[in-house]
Amino acid sequence: MNNYDEVLRNYKLWYEDLKDSEIFEQRRKTFINQHKKMGLVRVQIEPTQRCNYSCHMCPIDELDSTSAKKDLAYEDFCKIIDNLPSSVTNICLSGLGEPFLNKNYIMMAKYAKEKGYITEIYNNGSLFKEEILKYADYIFFSVDGLTKELLSNLRSGVKYDKLFSAIKRSVEYKKNNPNINVCINFTISNQNYKEIPLLFDFCQDFSIDYLYIQAISNNYSIKSEKRSILSKYLEENRFTNWKYIIEHYNDKFDFNLTIWYPRKSKGFCHWTFSSMYINKNQEVISCCQRVPNPLVFGSLKTKSLKDIYESDKMTKFRIIHELNKDIPLCNNCPY
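All of these numbers come straight from a predicted model, not from anything done at the bench.

A. Representation of the overall build of the chain. Summing up its helical and strand segments, the chain has 12 helices and 12 strands in all. Here the C-alpha atoms of the chain give a radius of gyration of 19 Å, agreeing with the 20 Å that 2.2 N^0.38 yields for 335 residues. Summarising its shape, the C-alpha atoms of the chain cover approximately 50 × 50 × 40 Å along the three principal directions. When the 335 residues of the chain are sorted by exposure, 55% land in the buried category. When contacts within the chain are restricted to residue pairs at least 6 apart in sequence, those whose partners lie at least 24 apart make up 72%. Working note: accessible area of the chain is about 16000 Å², and carbon and sulfur atoms make up 48% of it. Positive and negative charge centroids in the chain, built from 47 and 41 side chains respectively, lie 4 Å apart.

B. Region of interest: the packing of helix 2 (residues 21-38) against helix 12 (residues 312-323). In contact at an axis separation of 9 Å, helix 2 and helix 12 are set at 155 degrees when each is read in the N-to-C sense. The angle between helix 2 and helix 12 falls in the class roughly antiparallel. On helix 12, the residues that touch Arg28, Ile32 and Lys36 of helix 2 are His321, Glu322 and Leu323. Class assignment of the residues belonging to the contact of helix 2 with helix 12 gives a composition of 2 nonpolar, 1 polar and 3 charged.

C. View of the pairing of strand 8 (residues 210-215). With 5 of its 6 residues buried, strand 8 lies for the most part within the structure. The pairing of strand 7 (residues 181-188) with strand 8 spans 6 bridges and is parallel. Paired with Ile188 across the bridge in strand 8 is Ala215. You can see the chain leave strand 7, run along helix 8 (residues 196-205) and come back into strand 8, and the turn it takes is right-handed. Here strand 8 pairs with strand 9 (residues 256-260) via 5 bridges, running parallel. Counterpart to Ile213 in the pairing with strand 9 is Ile259.

Cut-off values and rules
Residues numbered from 1 in each chain as written. Predicted model: local features only at pLDDT ≥ 70, side-chain atom pairs only at ≥ 80, totals over all residues. Heavy atoms only, no water. Helix = DSSP H or I, 4+ residues; strand = E, 2+ residues; numbered from the N terminus. Rg over C-alpha atoms; globule rule 2.2 N^0.38 Å. Buried < 20%, exposed > 50% of the residue type's maximum accessible area, 1.4 Å probe, protein only. Contact = heavy atoms within 4.5 Å. Areas by Shrake-Rupley, 256 points an atom, 1.4 Å probe, with all protein chains shown as cover. Lys, Arg positive; Asp, Glu negative; His and termini not counted. Charge placed at Lys NZ, Arg CZ, Asp CG, Glu CD. Axes fitted to C-alpha atoms, helices over the stretch in contact; angles between N-to-C directions. Parallel < 35°, antiparallel > 145°, perpendicular 65-115°, else oblique. Nonpolar A, V, L, I, M, F, W, Y, C, P; charged D, E, K, R; others polar. Pairing = 2+ DSSP bridges. Right-handed = clockwise from strand over helix to strand, strands pointing away.

This is the structure we're talking about:
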C-alpha cells in the first residue's frame, strides 16, 4: 500500500509546480477536461444534518435547527439510488452531520452495497456500529489528534476512547474481510501538525489502509460572525509547511498517503463535473464545502438527477469553472 514515490510526485505536481501561473493554468484545464470526460461517477448523499459534536471549524450551527432535525427518509434514499445514472459507481454516505444519527443509516449502506455501488462510510466514531462494516468498501474516521487533550480541544464533545475502539474493531474485522479499507481523515493546522510522526506510527501499527491529510476550510456564510472568528483562527493557525509531511513519510510505511494541497482556485474542482452532492432535503447542491449556504441546482422531488446534471443552470456553472471566472461562493475554498 506504500505510495512514497507518488507522494513525492504529487508534492511537485499539486503544490510546488502550481506556484508557476502558466503551469497552474495548464494543469487546471487538464484537470477539468479529465473530469468532464469521466462524467458523473460519484454521488454524495447526506443522511442527516444533525451532529453530536461541536467542532470549531464546522458551520453546522448555521443550519435551521428545525429543518435540520428531519433526516433523509430511508424510502427517499432508495428512490435516489434506484434512479442514479448508469455512469455512477461510488456512493458516499455522509454529509455535514454524523450519519449514524439517522436510525436507518445501516439499512441505507446495505441497500447501496447490494445495488452494486462502491460505498464510502464517514463517521466520528462515537456512535459506530460494527454491522456497517459488512456494507462498506471504505470506512473513514476523523482523527485530528493522537493525544486525548489535543483531540478534545479540536473537536468539542469527542469520545476519544470510542473513536479509537471503533478504529481498532474495524481493523480487526478487516483480517477476515480484506476487501474493506480502513481510512483516517486528518485536518491539519499549526495546533496539531507536530503529531504527524505519531499519526504515521499509529497508521503503521494499526494497519490503516489510507490516510488523508487536508487543510481547514472556512464554510461559514459570508455575513456570519463566526466566519470572521474562524478566519482569524485560520490566519493564526494556518498550516503552510507541507514539506514537513513529506519529510516524515518514507517507503517503509505500509499505508497509502494522500495530501489535499490548498490550491485556492475556483475552477480547479471536480464538483458538478464528476461528483454531485445531494443533501438530506433531496436538493442537488454545489459541493460538500458549501452545505450551509449552497447553490441549489434542483430538487430530486421534482426532477431526475440526470435532468439536473444536464440543466442549463448546472451547465452554465460548469462553464464558469472552465473559464475560471469569478464565483463568489467558491472564492474562499482552500481546495
